[in-house]
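Here are the chains, one letter per residue:
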Amino acid sequence: MMDNNPKKPLFDEDPTLIKRNPNLDDKRFRKNHASLIVLKGAEIGRNFLLRKTRQIIGRSPEADIRLPDHGASREHARINYEGDVQNQKTTYIVTDLGSKNHTFVNSQPVKSAQLRDGDKIQIGETVLKFVVLDDIEAAFHAEVRDLITYDKLTGLLTKESLYLAFERELQRCLRYNLPLAVLMMDLDFFKSVNDQNGHLMGSHVLAEVGRLIRQSIRISNVSGRYGGEEFISYLAETDLEGGRLAAERIRAAIEAHPFTFDNKTIRVTISIGVSNAPGHGRDTKTLVSAADRALYRAKETGRNRVCTA
């Protein structure tokens, strides 16, 4: 007969360590770190810590917060700090500086607006989130920023960093019923480029391809080096046809570009596969696999072409 009341062991094999509640340092939970975090744009994940002074946002190299965004004016907007020492109150105000494309706060064009925690500022195609963090939150965002890295050769995100951004953007698009396109790209016959022209030429080609990919799609879209001569991009709020057109722009730009290094010029082409969410999947793995199968078909049917999943 089965014993339905087994005896408990005399000693817990995995005891819980009981501690007294520590005296938490309340100062660490005071929100006193104001930042702008890039949610969309070429430097996605970057955290600009706001100083207690006036700061200029724009495309100019001299801007305090520089955005590599062609939709941004050289001096696009200004962030002013206003502090109330007596009431220990901190206020930041964003002011448009007569920019061509305007400054938006929470999708509304503004000339000047007081920023509140969580407000989203759009400048060109770059979206920044205004946040006020405590010490622990600031440390967390610093760790996230450090996780996002760029491939030194191509200037594109590394595969790991792209997936971090990709997962977050995919969930946003699915939540709001927005499409998202994925491009898987592979240079044609790249091994022969290295074999016939040397690895320095090969490195030059990869660097130029990275630049051409960035120039061929909107700055709000994100691209990465997948590995070797493979590249990947995701295009938020873009349907399958929009993804195909973007892929065609990349393909045509690379086909037309003379790759010149050490007085020698060669031509290179690229094959691209395109998938789309939610039509071809609702997770990153499925979408990348669908785009990869389309890329394989582009290779099989002659290379230097775009195929959709």
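Here's what I pulled together on the structure shown here. Computed from a predicted model, the values in this text were never measured in an experiment. (Residues numbered from 1 in each chain as written. Predicted model: local features only at pLDDT ≥ 70, side-chain atom pairs only at ≥ 80, totals over all residues. Heavy atoms only, no water.)

## Section: the packing of aromatic side chains
For the coordinates displayed, the defined rule picks out 4 aromatic pairs. Between Tyr 81 and Tyr 92, the aromatic rings sit 5.4 Å apart at their centres with planes inclined by 55°, giving tilted as the arrangement. Of this pair, Tyr 81 sits in strand S5 (residues 77-84) while Tyr 92 is found in strand S6 (residues 89-96), placing the two residues 11 residues apart along the sequence. The class for Tyr 92 is buried, based on a relative accessible area of 4%. Here the aromatic rings of Tyr 163 and Phe 166 are separated by 6.2 Å at their centres, their planes lie at 45°, and the arrangement is tilted. (Phe/Tyr/Trp six-rings, centres within 6.5 Å; stacked < 30°, edge-to-face > 60°. Helix = DSSP H or I, 4+ residues; strand = E, 2+ residues; numbered from the N terminus. Buried < 20%, exposed > 50% of the residue type's maximum accessible area, 1.4 Å probe, protein only.)

## Notes on the sheet that holds strand S15 (residues 230-236)
Spatially, the 6 strands line up as an open sheet ordered S12-S14-S15-S13-S18-S19, and their pairing is mixed. Among the strands making up the open sheet, the edge pair consists of strand S12 (157-158) and strand S19 (306-308). In the sheet, strand S14 (residues 222-227) pairs with S15 via 5 bridges, with the strands oriented antiparallel. Note on S15: the bridge partner recorded for Val 222 is Tyr 234. Packing of helix H5 (residues 240-256) onto the sheet brings it into contact with strand S13 (180-187), S15, strand S18 (270-277) and S19, and relative to S18 it is tilted by some 165°. (Pairing = 2+ DSSP bridges. Contact = heavy atoms within 4.5 Å. Axes fitted to C-alpha atoms, helices over the stretch in contact; angles between N-to-C directions.)

## A short note on the pairing of S15
The buried fraction of S15 is high, at 6 of 7 residues. Here S13 runs beside S15; their pairing, made up of 7 bridges, is antiparallel. Following the sheet pairing, Val 182 is matched in S15 by Tyr 234. Here S14 folds back onto S15 in antiparallel fashion, the turn holding 2 residues, of which Gly 228 has a positive phi close to 60°.

## Digging into the sheet that holds strand S8 (residues 108-110)
Spatial strand order, S2-S1-S11-S10-S7-S8: 6 strands in an open sheet with antiparallel pairing. The open sheet has two edge strands, strand S2 (47-49) and S8, and neither has a second partner. For this sheet, the mean angle separating the axes of adjacent strands, direction not counted, is 30°. Relative to strand S11 (residues 126-133), strand S10 (residues 120-123) runs antiparallel, the two sharing 4 bridges. The residue of S11 that forms the bridge with Lys 120 is Lys 129.

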